[in-house]
Amino acid sequence: MRMKRKGILIVVSGFSGTGKGTLMKELVRSYENYSLSVSMTTRGPRPGEEEGKEYFFVSEEEFKRQMEEDGLIEYACYCGNYYGTPREYVERQLEKGKDVILEIEIQGALKIREKFPTALLMFVMPPNAAELKKRLEGRGTESRQVIDERMRRAAEEAEGIDEYDFLVINDRLEQCVEEMHGLIQAAHSMPVRNSELIAEMRKELEAFK
Ligand code: 5GP
């Protein structure tokens, strides 16, 4: 009998302003099997952001408490604020067979790869650097100083792209969503993510040796 398909952990990173938030929302809306993890952060909410939707907004004290109690599967400091992935939701969704998406930066991505070797790491890039700056400015929610800092950070993050499994360019939203979905489906078929199924088949075939 075919075993129930297991959920995989999908890490999506990309420079701030790449549009990965919109991309992930669209992916989750378009297909049933994805769950989007909501991170915890010490950053203040941007206009329009809601508690529990984009993030769980917490104090530094609360964040540290979560860290100490092992409530986060990874965390990182990014441009002066802490960000982390709450453990419970991720574990519950994976159990259910869902593919869980973590929209996190590179330090966190590498920690996830260490802890979960079968996690799939995807990097989303804008078509070019000028477009990235335009998108950050277009948001209208960040100060000049914050925009400059995030562009500097993007230059640093670009150094780590080789660590990822796949690279996708976010030029046209629908096209990018389709491409990501296709890559994730393909990743499900890789032997590394089907070790139990392979072991089962080998066991069944033992009888014919
Ligand atoms: P922003 O402040 O623009 O929402 O996020 C800043 C950066 O933090 C983005 O690259 C975002 O992907 C990353 N980030 C969001 N949540 C987490 C998290 O839980 N862990 C880590 N390591 N990075 C996160």
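Attention here is on the structure that accompanies the text.

## A few points about the sheet that holds strand β4 (residues 55–57)
Right, so step 1: If you walk across this open sheet you meet the four strands as β4-β3-β6-β5, and the pairing is mixed. Of all the strands in the sheet, just β4 and β5 (72–78) have a single pairing partner and so form its edges. On average, each strand axis in the sheet is inclined to that of its neighbour by 25°, with strand direction left out of account.

## Describing the pattern of salt bridges
Right, so step 1: The full count for this structure, using the stated rule, is 20 salt bridges.
Right, so step 2: For Arg92, the salt bridge goes to Glu88, with nearest N and O atoms at 3.5 Å. A residue pair is termed a helical-turn pair when its members lie 3 or 4 positions apart in one helix, as Arg92 and Glu88 do in helix α3 (residues 87–95) at four residues.
Right, so step 3: Taking relative accessible area as the criterion, Arg92 reaches 42% and is therefore assigned partly exposed.
Right, so step 4: Residue Glu88 is classed as exposed on the basis of its relative accessible area, which comes to 58%.
Right, so step 5: Residue Arg144 pairs with Asp148 through a salt bridge whose shortest N-O separation is 3.3 Å. Here Arg144 and its partner Asp148 are both found in helix α6 (residues 144–157), four residues apart, which amounts to about one turn of the helix.
Right, so step 6: Judged by relative accessible area, which is 32%, Asp148 ranks as partly exposed.

## Digging into the environment of Met24
Right, so step 1: Examined against the element boundaries, Met24 turns out to sit in helix α1 (residues 20–30).
Right, so step 2: With 114 residues separating them in the primary sequence, Met24 and Gly138 have C-alpha atoms 20 Å apart.
Right, so step 3: In contact with Met24, not counting residues within four places along its chain, are Val12, Leu36, Ile101, Glu103 and Met180.

## As for the environment of Tyr82
Right, so step 1: Relative to the assigned elements, Tyr82 resides in strand β6 (residues 81–86).
Right, so step 2: Taking the C-alpha atoms as reference, Tyr82 lies 9.7 Å from Ser59; in sequence the two are 23 residues apart.
Right, so step 3: Non-local contacts of Tyr82, meaning those with residues more than four positions away in its chain, are made with Met40, Thr41, Thr42, Glu60, Phe63, Lys64, Ala76 and Cys77.

Reading the values: rules and limits
Residues numbered from 1 in each chain as written. Predicted model: local features only at pLDDT ≥ 70, side-chain atom pairs only at ≥ 80, totals over all residues. Heavy atoms only, no water. Pairing = 2+ DSSP bridges. Helix = DSSP H or I, 4+ residues; strand = E, 2+ residues; numbered from the N terminus. Axes fitted to C-alpha atoms, helices over the stretch in contact; angles between N-to-C directions. Salt bridge = Lys/Arg side-chain N within 4 Å of Asp/Glu carboxyl O. Buried < 20%, exposed > 50% of the residue type's maximum accessible area, 1.4 Å probe, protein only. Contact = heavy atoms within 4.5 Å.

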